[in-house]
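Each chain is listed here by its residues.
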Amino acid sequence: MATNSTVEGIKLFATFLNNIAVAWVAAGVIGPIVGLIYDYDKFAKDFTMLWSLPVICVCMALALHLAGQYILLDLEKFDES
């Protein structure tokens, strides 16, 4: 049986990963918008930045979120022992 501090530590780490995933999504969405506002000429020439940055950031966020869920699955192992 795991102690409460161990379980809470696992939950906090999973929450940490999820919050980092939210930051990745925010950066992927806000980054191109800010780029369009402040440096429109560069984004007009290189249109790939507009779609590649959000896609990369959302994929990274999904990976982090799934890692957090996988870590939470370890709580069942603690409950069994």
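Calculation rules
- Residues numbered from 1 in each chain as written.
- Predicted model: local features only at pLDDT ≥ 70, side-chain atom pairs only at ≥ 80, totals over all residues.
- Heavy atoms only, no water.
- Core = buried A, V, L, I, M, F, W, Y, C linked by side-chain atoms within 4.5 Å.
- Buried < 20%, exposed > 50% of the residue type's maximum accessible area, 1.4 Å probe, protein only.
- Helix = DSSP H or I, 4+ residues; strand = E, 2+ residues; numbered from the N terminus.
- Contact = heavy atoms within 4.5 Å.
- UniProt positions renumbered as here; feature names shortened; annotations may be inferred.
- Patch = residues over 30% accessible without salt bridge, like charges linked within 9 Å, V, L, I, M, F, W, Y side chains within 5 Å.
- Areas by Shrake-Rupley, 256 points an atom, 1.4 Å probe, with all protein chains shown as cover.
- Salt bridge = Lys/Arg side-chain N within 4 Å of Asp/Glu carboxyl O.
- Phe/Tyr/Trp six-rings, centres within 6.5 Å; stacked < 30°, edge-to-face > 60°.

1. Considering the nonpolar core
Taken as a class, soluble globular proteins show a tendency for nonpolar side chains to be buried jointly. Val7, Ile10, Ala14, Leu17, Ala21, Ala61, Leu64, Ile71 and Leu75 together form the largest nonpolar core, which totals nine residues. When contributions to this core are tallied by element, the ones reaching two or more residues are helix 1 (4-38) and helix 3 (48-80). Apart from residues lying up to four places away in sequence, Ala61 is in contact with Ala21, Trp24 and Val25.

2. Observations regarding the environment of Ile10
Note that Ile10 resides in helix 1. Taking the relative accessible area as the measure of exposure, Ile10 reaches 14% and is therefore buried. Along the backbone, Ile10 and Val55 are 45 residues apart, and their C-alpha atoms lie at a distance of 29 Å.

3. With respect to the UniProt feature "transmembrane region" (unreviewed entry) in the chain
The UniProt entry lists residues 20-38 and 50-72 under the feature "transmembrane region" (unreviewed entry), expressed in the numbering used here. Between the end C-alpha atoms of residues 20-38 the distance is 26 Å, and the span holds 100% helix and 0% strand. Annotation note: span residues 50-72, helix share 100%, strand share 0%, distance between end C-alpha atoms 34 Å.

4. A few points about a nonpolar patch on the surface
A contiguous nonpolar patch, built from Val25, Val29, Ile30, Ile33, Val34, Ile37, Tyr38 and Val58 and spanning about 760 Å² of accessible area, is present on the exposed surface. Sort the elements by how many residues they give to the nonpolar patch and helix 1 lands first, with seven residues. Inspection of the secondary structure puts Val34 in helix 1. Taking the relative accessible area as the measure of exposure, Val34 reaches 37% and is therefore partly exposed.

5. Some remarks on the packing of aromatic side chains
The tally for this structure, following the rule as stated, stands at one aromatic pair. Taking 6.2 Å as the distance between ring centres and 25 degrees as the angle between the ring planes, the aromatic pair formed by Phe13 and Phe16 counts as stacked. One end of the pair is Phe13 and the other is Phe16, both in helix 1 and three residues apart, which spans about a single turn.

6. Digging into the pattern of salt bridges
For the structure shown, the criterion picks out one salt bridge. Where Glu8 meets Lys11, a salt bridge forms, and the shortest distance between an N and an O atom there is 3.7 Å. Of this pair, Glu8 and Lys11 both sit in helix 1, three residues apart, which is roughly one turn of the helix. With relative accessibility at 36%, the residue Lys11 sits in the partly exposed group.

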